[in-house]
Amino acid sequence: MNPGDRIRLTRDGRTHEGVLLPSTTDDHAVLKLDGGYNVGVERADATVEVVESDVYDVGSEEDDDSSAVEFDDDLPTVALISTGGTIASTVDYRTGAVTAQFDAEDVLRAVPDLAGRANYRGRVVANILSENMTPDVWQDLAHAVHEEIEAGADGVVVMHGTDTMQFSASALAFMLDTPVPVVFTGSQRSADRPSSDNVMNAVCAVEAAKSDCAEVLVCMHASESDDRCALHRGTRVRKNHTSRRDAFETVGAEPLGTVAYGGDDGSTDTIDVRFRRKHAERGAAELDVAPALETDVELVKFTPGTSEAMLDAAAGSAGLVIEGTGLGHVHTDWIPRIAELVADGTSVVMTSQCLGGRVCDRVYDTGRDLLDAGVIEGEDLLPGTAKVKLMWALANSESSEDVAATMGTSLVGELTERSVPPENRPVPEAR
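This structure is a prediction, so every number in the text was calculated from the model and none was measured.

## Concerning the overall build of the chain
And then number 1: Of regular secondary structure, the chain possesses eight helices and 23 strands.
And then number 2: The buried share among the 431 residues of the chain stands at 49%.
And then number 3: Summarising the internal contacts of the chain: among those between residues at least 6 apart in sequence, 67% fall at separations of at least 24.
And then number 4: In the form shown here, the chain has an accessible surface area of approximately 19200 Å², with 44% of it arising from carbon and sulfur atoms.

## Digging into the sheet that holds strand β1 (residues 6–11)
And then number 1: With antiparallel pairing, five strands are arranged side by side in an open sheet as β4-β3-β2-β1-β5. At either end of the open sheet lies a strand with only one pairing partner, and these are β4 (38–42) and β5 (47–52). Here the strands of the sheet are splayed against their neighbours by 40° on average, with no regard to which way each runs.

## A short note on the environment of Gln 139
And then number 1: By the element assignment, Gln 139 lies in helix α2 (residues 135–150).
And then number 2: Assessed through its relative accessible area of 23%, Gln 139 is described here as partly exposed.
And then number 3: Filtering out sequence-adjacent residues up to four positions away, Gln 139 remains in contact with Met 175, Pro 291, Ala 292 and Leu 293.
And then number 4: Within the local environment of Gln 139, its side chain forms a polar contact with the backbone oxygen of Pro 291, the two atoms lying 3.0 Å apart.

## With respect to the nonpolar core
Side chains of a nonpolar character, in soluble globular proteins, are inclined to be buried together.
And then number 1: Val 145, Leu 172, Val 182 and Phe 184 are the most contacted members of the largest nonpolar core, which totals 51 residues.
And then number 2: Every element with two or more residues in this core is listed here: β6 (77–82), α2, β10 (155–159), α3 (165–175), β12 (182–185), β13 (216–221), α7 (383–395) and α8 (400–407).
And then number 3: With 26 residues, the next largest nonpolar core counts Val 78, Val 157, Ala 209 and Cys 213 among its residues.

## Some thoughts on the packing of aromatic side chains
And then number 1: For the structure shown, the criterion picks out two aromatic pairs.
And then number 2: Their ring planes at 85° and their centres at 5.1 Å tell us that Phe 302 and Trp 334 sit as a pair that is edge-to-face. You can see Phe 302 sitting in the loop between β20 (297–301) and β21 (319–324) and its partner Trp 334 sitting in helix α5 (residues 334–343), a full 32 residues away along the chain.

## Here we look at the confidence of the model for the chain
And then number 1: Per-chain confidence: the chain averages 85 in pLDDT, with 82% of residues scoring 70 or above.
And then number 2: The weakest mean pLDDT in the chain belongs to strand β8 (residues 97–100) at 52; the strongest belongs to strand β11 (residues 176–177) at 98.
And then number 3: Under a pLDDT of 50 for its full length, residues 58–68 has, in the predicted model, eight contacts with residues more than four places off or in other chains.

## Quick look at unusual backbone geometry
And then number 1: Unusually for a residue other than glycine, Asp 12 sits at a positive phi of about 55°.
And then number 2: Along the polypeptide, Asp 12 turns up in the loop between β1 and β2 (14–21).
And then number 3: Its relative accessible area of 64% is what places Asp 12 among the exposed residues.
And then number 4: Positioned with a positive phi, Glu 379 is a non-glycine residue whose angle comes to about 50°.
And then number 5: Turning to its location among the elements, Glu 379 is positioned in the loop between β23 (376–377) and α7.
And then number 6: Accessibility expressed as a relative area gives 24% for Glu 379, which makes it partly exposed.

## Some remarks on helix α6 (residues 365–372)
And then number 1: Among all positions in α6, only Thr 366, Gly 367 and Leu 370 are buried. Across the axial projection of α6, the buried residues extend over an arc of 100°, all falling on one side. Facing away from the buried side of α6 by more than 90 degrees, the exposed set consists of Asp 365 and Asp 372.
And then number 2: Contacts made by the buried residues of α6 are with α5 and β22 (347–352).
And then number 3: Phi turns positive one or two residues past the end of α6, at Gly 374, with a value near 105°.

## What to know about the packing of α7 against α8
And then number 1: Put simply, α7 and α8 touch, their axes get as near as 9 Å, and they point 140° apart. Seen from above, α7 lies across α8 with right-handed handedness. Facing α7, whose interface residues are Ala 386, Lys 389, Leu 390, Trp 392, Ala 393 and Leu 394, α8 presents Val 403, Thr 406 and Met 407.
And then number 2: Looking at the contact of α7 with α8 residue by residue, the class counts come to seven nonpolar, one polar and one charged.

Definitions and cut-offs
- Note on numbering: residues in each chain are counted from 1, in written sequence order.
- The predicted nature of this model means local features are confined to residues of pLDDT at least 70 and side-chain atom pairs, given and counted, to a pLDDT of 80 or more, with totals for whole chains, interfaces and linings taken over all residues.
- Hydrogen atoms and water are omitted, and side-chain values are computed over all heavy atoms in the structure.
- Strands are runs of DSSP state E lasting at least two residues, helices are runs of H or I lasting at least four, and both sets are numbered from the N terminus onward.
- To sort residues, take the accessible area from a 1.4 Å probe on protein chains only and compare it with the maximum for the residue type: under 20% means buried, over 50% means exposed, and anything in between is partly exposed.
- Any two residues having at least one pair of non-hydrogen atoms within 4.5 Å are treated as being in contact.
- Computed with a 1.4 Å probe, the accessible areas rest on the Shrake-Rupley method; for each residue, only the protein chains presented here act as cover.
- Two strands pair under a simple rule: DSSP has to find at least two bridges between them.
- Helix axes are fitted only over the stretch in contact, all axes being lines through C-alpha atoms; the angle between N-to-C directions runs from 0 to 180 degrees.
- Polar contacts, as counted here, are pairs of nitrogen or oxygen atoms within 3.5 Å of one another; within protein the pair requires one atom able to donate a hydrogen and one able to accept it, and residues that are adjacent in sequence qualify only if both atoms are side-chain atoms.
- Put simply, a nonpolar core is a bunch of buried Ala, Val, Leu, Ile, Met, Phe, Trp, Tyr and Cys residues held in one set by side-chain atoms that sit within 4.5 Å of each other.
- Classification of ring pairs uses Phe, Tyr and Trp, with its six-membered ring standing for Trp, and accepts pairs whose centres are within 6.5 Å; under 30 degrees between planes counts as stacked, over 60 as edge-to-face, and the remaining range as tilted.
- Residue-level confidence of the predictor is what pLDDT reports, using numbers from 0 through 100.
- For this quantity, the arc is that covered by the directions from the helix axis to the C-beta atoms.
- For a crossing to be left-handed, the near helix must be turned anticlockwise from the far one by less than a right angle; the clockwise case is right-handed.
- Residues were grouped as follows: Ala, Val, Leu, Ile, Met, Phe, Trp, Tyr, Cys and Pro as nonpolar; Asp, Glu, Lys and Arg as charged; and all remaining residues, including Gly, as polar.

Structure representation (C-alpha cells):
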C-alpha cells in the first residue's frame, strides 16, 4: 500500500477505512476518514486491505514546491512570525495529541489561500504550545517584530496558541511603538479537523496586517460561522470559551473592526477589512521598542474563604495584582498583610473579577482601608492585562509613584475613560 490508496485497516476488533496519508513514524498508519478527521493506528498486529489504489495523488514533501514564495513588487510585505500553537500544529499519532511542529514556511504550505495576498518573510521565534509561554519569549518576540518592521515589513502576523494569546498581545502592545499593524492569530481547532479555523484566521490576519490600523490586534473568528473575523485590541481582549471558534471577545466595548471573509459566491479574492472605532493610524508612530519587564509579579484571585496566607507567596515580590470582588474588595483579614507587602516595597494593584465596570475603592469601608494600605486602583484593567502592564511599568518607571501613575494612565487603550452603557461608551485613546 502507498500514500493515496484507500485502505481498510482492522486492529483489535476495530475497523477503519480511509485514504492512507504519509506518516511521521513507520509504526503507525495514518488515515483520512470520510468525515474529514485523521486517525493514527498502530501497524503491529493490524490487517490491511487495499480497497482502491491511487485514490488521491499524495506527493512527498521533498517533491512539493508549493511553499516557494515569489516576490511581487506590487504587493505589500507581511512578516509571518511563528511561536507555535494549534494554527502551526499537527497530530502526534504516537499519543493522539496535537503538537506544535510547523515553522512559518510550513504554514504557507498548509494555507495556500495566503498566496498572492502579500510577499512573505517567515521567522520562528519559538515552537511551543502557548501554556509554555514565558515573559522572556515575549521579549524575544518584541525584538523580532521590531526587526521585521525595521527591515521594511508593511505588517506583521504573529501565529500563537490561543490559551495565552491575550497575555502576549498585551505584552507587545506595551513594549512596542509600531507604525504598522501587528496581528496575533491562532486556531481553536487543528488543521486535521474539518471544522478547523486555521485557514480563515490566517487569511483574515494577513488582510488586517495590510490595513491602516497600526496597533497590536488579535484576529479570530467573530462567530461560529466562516463569515468574518473580529479584530480585537490586544489589551482589551479575553478568551472566553475553551473550544468555540469565536472564543475571543473584546471586554467593555465592541471589537475595533471586522474582516469579512468571502462574498456571496464564496470567493475569498476580495476580503473587506473595516474598523468601527477610533484607532492608531498606520505611520503615525515612530518605531520603538521598550522590552524591559520586571518578571517578579504575581496574580492572586480572592475567593470567599481564601486565607490571607495566600499572600505569603508574594512576599518580597516587586509587584502583585489582586483579582478582587465587585468594586475591588477582599476579606478584611487580608488588608493588614497587604499593607505589610506595600511597606516592604511591593506594588499592589487591585482589579475586579467582574467583566464590566471598574474598580472604585472609595465606596465602602473595605475599599477605603485598602487605599490606606497603599493599594493602586486598577480602574477597568483586565486582570491579565494588569499583570503584564505592572511588569512593564515596574521595569520602566523610576519610583513607586511613577508606577502608580502609569497604572492609572491609558497607554495603548487598555483603560476606558469611564464605564457607561455601550451606546454611550467613549472610544479608548490609543498611545
